[in-house]
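# Structural characterization, general
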Amino acid sequence: VQLQAFGGGLVQAGGSLRLSCAASGSIFSINTMGWYRQAPGKQRELVADITIGGTRNYADSVKGRFTISRDNAKNTVNLQMNSLKPEDTAVYYCNADRWQGPIRYVHWGQGTLVTVSS
């Protein structure tokens, strides 16, 4: 599975950005897709994910501000980020997992930088 992320950039605090990620390759067995982020000097953390059935999970820090959505037909996952804060500045990574029998594979996109200025 290959993941291609789009949509990062520079935005002022309070603004919005939309990240998109397209999956290709062995997409038929993808289960959960999501977004993680890593700020300088910090560990990578989950931002939001969504299962193939549409169950969403958000980090507490983004609840009410970010919305994750998924188009299973197009194999894309999007992250609408509103009311952005400087602490949202990070490299955002698209993520997908799939199961092949009992084995779980985790795939990562290349990362896209989001910078929120105060």
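Before reading on, note that the structure itself is shown above.
Here's what I pulled together on the structure shown here. (Residues numbered from 1 in each chain as written. Predicted model: local features only at pLDDT ≥ 70, side-chain atom pairs only at ≥ 80, totals over all residues. Heavy atoms only, no water.)

Once that is clear, we can look at the state of the cysteines. Across all of its chains, the model carries one disulfide by this definition. Here C21 connects covalently by a disulfide to C94, the sulfurs 2.0 Å from one another. Its S-S torsion of about -85° marks the bond between C21 and C94 as left-handed, since a negative value means left-handed. One end of the pair, C21, is in strand β3 (residues 17–24); the other, C94, is in strand β9 (residues 90–100), and 73 residues separate them in sequence. We note that C21, like C94, is buried. (Disulfide = S-S within 2.5 Å. Helix = DSSP H or I, 4+ residues; strand = E, 2+ residues; numbered from the N terminus. Buried < 20%, exposed > 50% of the residue type's maximum accessible area, 1.4 Å probe, protein only.)

Grouped together as the largest cluster of nonpolar side chains are 30 residues, with contacts concentrated most on W35, L79, M81 and Y92. Not counting chain neighbours up to four residues away, the residues in contact with M81 comprise G15, S16, L17, L19, R65, F66, Y92 and V114. (Core = buried A, V, L, I, M, F, W, Y, C linked by side-chain atoms within 4.5 Å. Contact = heavy atoms within 4.5 Å.)

On to the sheet that holds strand β7 (residues 66–71), then. Sheet strands pair via backbone hydrogen bonds, and the direction of the pair is either parallel or antiparallel. Taken together, four strands build an open sheet; the order of strands is β1-β3-β8-β7 and the sheet is antiparallel. The outermost strands of the open sheet, each flanked by one partner alone, are β1 (2–6) and β7. Averaged over all neighbouring strand pairs, the angle between strand axes comes to 15°, with direction disregarded. With five bridges joining them, β1 and β3 adopt antiparallel strand pairing. Bridging across to β3, Q4 finds its partner in A22. (Pairing = 2+ DSSP bridges. Axes fitted to C-alpha atoms, helices over the stretch in contact; angles between N-to-C directions.)

A complete count under the given rule lists five salt bridges for this structure. Close ionic contact of R65 with D88 constitutes a salt bridge, the shortest N to O distance being 2.7 Å. With a gap of 23 residues between them, R65 in the loop between β6 (56–58) and β7 and D88 in the loop between β8 (76–81) and β9 connect regions that are remote in the sequence. The two residues R65 and D88 agree in class, both being buried. The network of salt bridges with common partners includes R37, E45, R65 and D88. (Salt bridge = Lys/Arg side-chain N within 4 Å of Asp/Glu carboxyl O.)

The subject of this paragraph is the side chain of D88. Relative accessible area serves as the criterion here: at 1%, D88 is assigned to the buried category. Other than its neighbours up to four places away in sequence, D88 contacts R37, R65, F66, S83, V114 and V116.

Okay, the environment of E45 next. Looking at the secondary structure, you find E45 in strand β5 (residues 45–50). Accessibility expressed as a relative area gives 36% for E45, which makes it partly exposed. Here the alpha-carbon distance between E45 and A13, two residues 32 residues apart in the chain, equals 21 Å. Contact partners of E45, with chain neighbours within four places excluded, come to Y36 and R37.

This part is about the pairing of strand β4 (residues 30–38). Relative to β9, β4 is paired through seven bridges, and the arrangement is antiparallel. The partner of W35 across the bridge, within β9, is C94.

These results come straight from atomic positions and should not be treated as a statement about function.
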